[in-house]
Amino acid sequence: MPTTNSSLALAQVTVKHGLRDPIAAHAFDLLRAALPDAGVRSVQFVKAFVLEAPEAADAAARALREVFADPVSQACSVGSFPGETAAQIESGALVVSVTRLPGVMDPAESSCLRALAAAGIEASGVRAVRRYVVTADRLDEDALAAAARDCLANEVIEELRTGAAFDLRAVHPAPYHFERIEVALREADDATLAKISGDMCLSLTVLEMQAVRAYFQKEGREPTDVELETLAQTWSEHCKHKTLGGEVHFTGVGGERRYDNLLKETVFQVTQDLDREDCLSVFVDNAGVIAFDDEHGVCMKVETHNHPSAIEPYGGAGTGIGGVIRDILGTGLGAKPFLNTDVFCFAAPDMAPEDVPNGCLHPRRIMHGVIDGVRDYGNRMGIPTASGGLFFDDRYVGNPLVYCGTVGLIPRNMVEKAARPGDVIVAIGGRTGRDGIHGATFSSVELSEDSEMLSAGAVQIGNPIEEKRVLDALLVARDEGLLTAVTDCGAGGFSSAVGEMGELTGAVVHLDRAPLKYDGLTYSEIWISEAQERMVMSVAPEKVARVRAICEAEDVELTELGTFSDDGRLVLYYQGEKVADMPMSFLHDGVPRVAREAVWHAPEIAPFPWPEALTESSGAASGAASGGTSGTTLGDNLKAILSSWNVCSKEWVIRQYDHEVQGGSAIKPLVGVQGDGPGDATVACPIPGNPRGVAVACGMNPRLGDHDPYRMAMNAVDEALRNITAVGADPRRAALLDNFSWGNTSKPDRLGSIVLASEGLRDAALAYGTPFVSGKDSLNNEFQVGDRTIAIPPTLLVSAFCVVDDVRRCVTSDFKESGNRVYVVGVTRDQMGGSHLGLVRGVEGGEVPVVVPEESNAVFAAVHQAIEGGLVRACHDCSEGGLGVALAEMAFAGCVGVSAALVQVPFEDGGAAEGESNGACDAALLFSESPGRLVCEVRPADADAFEAALSGVPHATVGTVNDARRVTLTGLRGHPVLDEDIEDLRAAFTRPLAEGAVR
Amino acid sequence: MTGKAATLPKTATLKAAVVRTAGTNCDAETVYALERAGAAVDMVHLHSLMRAPEKLADYRIVVFPGGFTYGDDIASGVVFAVEMRERVLPELRRRLADGALVLGICNGFQILVRAGLLPDTDGRSNAAGLGQEASLQTNVSGRFECRWVRLEATTDRSVFLEKGQIIECPVAHMEGRFVTSEELRGQLAETGQLALRYTAADGGEAAYPDNPNGSRLAVAGICDPTGRVLGLMPHPERNVETWHHPHWTRGTAGGAGLSVFTRAVSAARGDR
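Everything numeric in this text was worked out from a predicted model, so none of it was measured. Each chain has its residues counted from 1, running along the sequence as written. Throughout, the order in which chains and ligands are written sets their labels, letters from A for the former and numbers from 1 for the latter. Confidence filtering applies because this is a predicted model: local features only for residues at pLDDT of at least 70, side-chain atom pairs given and counted only at 80 or more, and all residues used for totals across whole chains, interfaces and linings. Neither water nor hydrogens contribute to the side-chain values; these are computed over all heavy atoms in the structure.

Student: Explanation requested: the packing of helix α3 (residues 78-85) of chain B against helix α5 (residues 107-115) of chain B in the structure shown.
Tutor: When two helices pack together, their arrangement is captured by the angle between the axes and the distance separating the axes. Residue and element names in this part refer to chain B. Following both chains from N to C, one finds α3 and α5 inclined at 50°, their axes separated by 8 Å at the closest point. Comparing the axis directions of α3 and α5 gives the class oblique. As α3 packs across α5, the resulting crossing turns out to be right-handed. Residue-level contacts link V78, F80, A81 and M84 of α3 to I111, R114 and A115 of α5. In this classification, the charged set is Asp, Glu, Lys and Arg, the nonpolar set is Ala, Val, Leu, Ile, Met, Phe, Trp, Tyr, Cys and Pro, and all remaining amino acids, among them Gly, are polar. Broken down by class, the residue content of the contact of α3 with α5 amounts to six nonpolar, no polar and one charged. Every axis corresponds to a line fitted to the C-alpha atoms, with the helix fit spanning only the stretch in contact, and the corresponding angles, defined between N-to-C directions, vary from 0 to 180 degrees. A run of DSSP states H or I qualifies as a helix once it reaches four residues; a run of E qualifies as a strand once it reaches two. Both are numbered from the N-terminal end. Roughly parallel means an angle under 35 degrees; roughly antiparallel, over 145; roughly perpendicular, 65 to 115; everything else is oblique. Left-handed describes a crossing whose near helix is turned anticlockwise from the far helix through less than a right angle; right-handed describes the clockwise counterpart. Contacts: residue pairs with any heavy atoms within 4.5 Å of one another.

Take a look at the structure:
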């Protein structure tokens, strides 16, 4: 806050002339690309701090000398430009400055103030500014500002200014004067109800508004604004899952059927039916918990943060990971996170700018922002981000998907929780601000060209160090047995957290007690703000002092917001005046149920249009390649698939994440001699010195969903368990999570596909004996441009986690030694529907791969037994790109060659339509994406034992590992059909997302 | 902390402190590595040391572990170093004069450099922070880099290392490029204070990514003139188990990082 006698000064820092500045170099690359005709010659980066202090100029000079500037490598000055930049400004360089909008969280500000205080420099405020000094041949300020808007700043959260001068004044929010607000609802007609819902951004339907109206008519009073807001948050799709937990009437494939509660009768039902002993907590808490050992459980949660990431990718993704970490902290009485996962879906990063609809950020920019956001949050939290994936489809252009997951360890006696009447409602962590207002309701609506403007308030910016402090304090309080319940403030903020914890008791909250980031928040805003890094705990009154002491030691702010009561009512006060008073029962059970129509008719599926060249299976392996996908040989197509966005190396992303922190990494996300082979699953040990670990993997293939959502779901489960099996974990001990991201499910065909996908999950889980323990859905992922709607492909992510008794028995996918035998286990069928061969050839058609769970079960169990017995040197699953990609990856990861005969591969004529050339089979054997298959490398000495372990399961030796560093295949007719240098395959795999390729 | 190791060699006599604060995140595995090496370890919050710096007298080894202290939003390690200046740093210097050892890993290294404890050619860090002689700057790649590296100990001055020793372990940092004046770098090379360098797999000169941050002379870690203070960017505490090494499934056992801690413990105990 400005004080009457404070002044302002600008402290500026830049890297000394002649020293390298990678941040400036990156900005230079971005501006050069954005302004190809401007002749950009240099970019200097200046870090500036606006300091507010009684004697600002003196304070700034001292701050630069003692805190802000690095004397070895940086030049600095107060007011003027530092070092070389002063001369550049003199000779006409342009300046663009970027700073956070007022009220937007900037973690740098609090750390600056802390450092200044420690150095004994008096200051009341600090604002950080990024400044770019640009020298160019042909550039004016407007063009620079336009380019900077595209690549250096995001005006949803930041303010961009041009010019060397910088106005230091900041806008301070006006103070708030309390006024209790009632909304006239009782006499409102339906049109007025709809208008109220729209004006207040409640996202409630007229039917729901009618239920609210009826309630308050009965009560004989008008609702307050905060009562309406509370109902809107609690009844939002995001919090209530009205669609998937709702009544559905389905017609189409498999005949008419009704569900009273779709999820309960499919996914949850299986978990109940399986009734597995090691499931400690399922579907009731923030995350599902299974047994780890006698003392600990392991829990996992995967969340989506799609809508915020579309608007502000960095903040959206960062708070996505921050939010799911809090889910784990808020599981039971608190779990300790030890692994993060991330799966992203984007449009192609090389999409032509003119193809990007108005109101969308370019997919490349979204990708960079999302990756940076997860990196900066996860790395600072000290939780390894070690598992995940990237998937590309142009239909994600308006709705990128960001799945963030966290795995945690919890003492088994801390799994149960319940707030008790009389317990104090304690909030800890970050202060409450205006950030993220209406996030829960925003996430439940479709985005459009105007979303960027309308929903800026729904974007949150994270402060990971605040959350790290909360984590440290919470776990101490948990271990001292001071808590009766804890949950996170996620969507809906305090309203959801207190509403959930007090559902069975009731709660009284004094909103004016919540510490605020700045003045001006109304009581409603305090109640529903989604400011990050806050947890709510329930603590017995006599234990609050100890919790407070723990929090003080960790520098965490603690507030007693109120108490849990015993009257089943939610009562809110502001400055002693009652602003809300409703029964919890109406809040949680008052939402009217709607029956929704769902329909799905199987689309006509044409046979896979085999390119003529590929059906000539006798074609010479060394046939002249014309490069890229126009190549005609199997080798060309293999390289094209390896280079496709979905399959290609994600090393550039993975290495930006600290996947080794906490010292538990046993099987890393990248494997092999050069650390560039893709692993199937990650394995981490959560307890130092203890080789018991947890394997984590996922399965997802939206390419199948357009054709057959049921099979897509089965395939996703199969893939997740296949990956778990490939590293040596026992798939029968795995637990699963489901995450649905779908289009607008008020459209019957979208809901129909979700019904089939749920049934697929149910059938797969039952057949494999693997329960779902947690899940989440994100609906309405459609983007409106004019009268055109872009709906995402139905995207079902299945995550699997599984306890591994001894990680020293695990295996990796890289081939190990020349001379070893290569086995294919499981049956290959001609099932090219949704295949990556089809993708790179630009063709559709072919049977969608069918999962045969009995077959897969037998394959997985046998391979697991063989790995347990130490009989397998390497194991890799066949997924995108089929056997061809699996062999290529195993070979270049191991820096060895492999020769194999396709005629040996166990094959069954699956869905090949009549009249197809038998010659297609070489390509089908190589590229079909049939599920339930694994490739194993076995020492000759172990071959008998391995085959004995696999008796009764389709398997065959297809070839051997050799020193030739080539992948050499012979076809069904015995001719060579593919012969590629592993370095060419490696290059095809690494090039697309390599450094610099996607700036 | 949630877990205790299965088996630990116990010697209650030698005490080590792992100093943490908000944003420290490699504390648990650093404690574990020290315990494996035979030390009795306390986790100590920086703020409690600021209130009572004399607590440091209890410890023969003081370790500053990795993390992002206070978010590293200004630059890595700055806030920690500033907080340490007035009371903790003078006490730490007294302990060093008394024969204690100090180790800084990753963010801890950044803190020691910021505080002037490394390379510390003339012992002149002061309360206004004017003793800083070197700096750890943004990686040449401009990105955070998490990858395994091969280190060679290039000094016989450091009690933590044996000259010629090879240690493989991961780096995970954004600001790890060692920067100092040409003159000082030459001096440090001569006095044996350039303690660790990145090498290629064949032992030759390391280019990116073997040298993950672009440090001149492939500097990965440095020591003070006494050899009793060591700072390094890579994480030896992340390679203390057989199954830590990325090639353990290929027959290369991990665990080489443990030697940094066992050598420290035996030196601090006075065995060497």
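Back to the text.
Student: What should I look at first to understand the interface of chain B and chain A in this one?
Tutor: Much of the literature gives interface size as the accessible area that the parts lose upon coming together. Each partner contributes residues to the interface: chain B has 62 residues there, and chain A has 75 residues. Accessible surface is computed with a 1.4 Å probe, and the buried area is the amount of it that two parts give up when combined, taken over both parts together. For the chain B and chain A pair, buried surface summed over both sides reaches about 5,500 Å², with 56% attributable to carbon and sulfur atoms. The rule for a salt bridge is simple: a side-chain nitrogen of Lys or Arg has to be within 4 Å of a carboxyl oxygen of Asp or Glu. The interface formed by chain B and chain A holds five salt bridges in total. Within 3.5 Å is the distance limit for a polar contact, defined as a pair of N or O atoms, with the added protein rule that one can donate a hydrogen and the other accept it, and that residues adjacent in sequence qualify only through two side-chain atoms. For the interface between chain B and chain A, the tally reads 29 residue pairs in polar contact (both at pLDDT 80 or more). Put simply, the parts of the chain that give the side of chain B that touches chain A at least two residues each are α1 (27-36), α3, β5 (135-138), β6 (145-153), β7 (166-173) and β8 (175-179) of chain B. It is α3(B) that provides the largest number of residues to the side of chain B that touches chain A, a total of five residues. For the side of chain B that touches chain A, the per-class residue count stands at 26 nonpolar, 20 polar and 16 charged.

Student: Please clarify how the sheet that holds strand β24 (residues 665-667) of chain A should be interpreted in this entry.
Tutor: Sheet strands pair via backbone hydrogen bonds, and the direction of the pair is either parallel or antiparallel. All names here are of chain A. Taken in spatial order, the six strands make up an open sheet running β24-β27-β28-β33-β29-β30, and their pairing is mixed. At either end of the open sheet lies a strand with only one pairing partner, and these are β24 and β30 (772-778). With direction set aside, neighbouring strand axes in the sheet form an average angle of 20°. Criterion used throughout: strands pair if DSSP finds at least two bridges between them. In terms of strand pairing, strand β29 (residues 735-741) meets strand β33 (residues 795-804) through seven bridges, oriented antiparallel. Each residue of the ladder has a partner; that of S741, found in β33, is T795. Strand contacts of helix α26 (residues 748-768): β29, β30 and β33, with the helix running at about 175° to β29, the strand carrying the most contacts.

Student: Hey, could you run me through unusual backbone geometry in this one?
Tutor: The general pattern is negative phi for most residues beyond glycine and trans for most peptide bonds. Here L118(B) and P119(B) are connected by a cis peptide whose omega angle stands at -10°. That bond from Y208(B) to P209(B) is cis: its omega, 5°, falls within 30 degrees of zero. Tracing the sequence through the fold places P209(B) in the loop between β9 (194-199) and β10 (219-223). Here S203(A), not a glycine, exhibits a phi torsion of approximately 55°, which is positive. Following the sequence through the fold, S203(A) ends up in the loop between α6 (190-199) and α7 (206-219).

Student: Please explain the environment of Y59(B) as it appears in this structure.
Tutor: Residue and element names in this part refer to chain B. Inspection of the secondary structure puts Y59 in the loop between α2 (46-51) and β3 (61-64). Along the chain, Y59 and M233 lie 174 residues apart, while their C-alpha atoms are 23 Å from each other. Here Y59 is in contact with K15, A16, A17, D42, V44 and A100, once residues within four sequence places are set aside.

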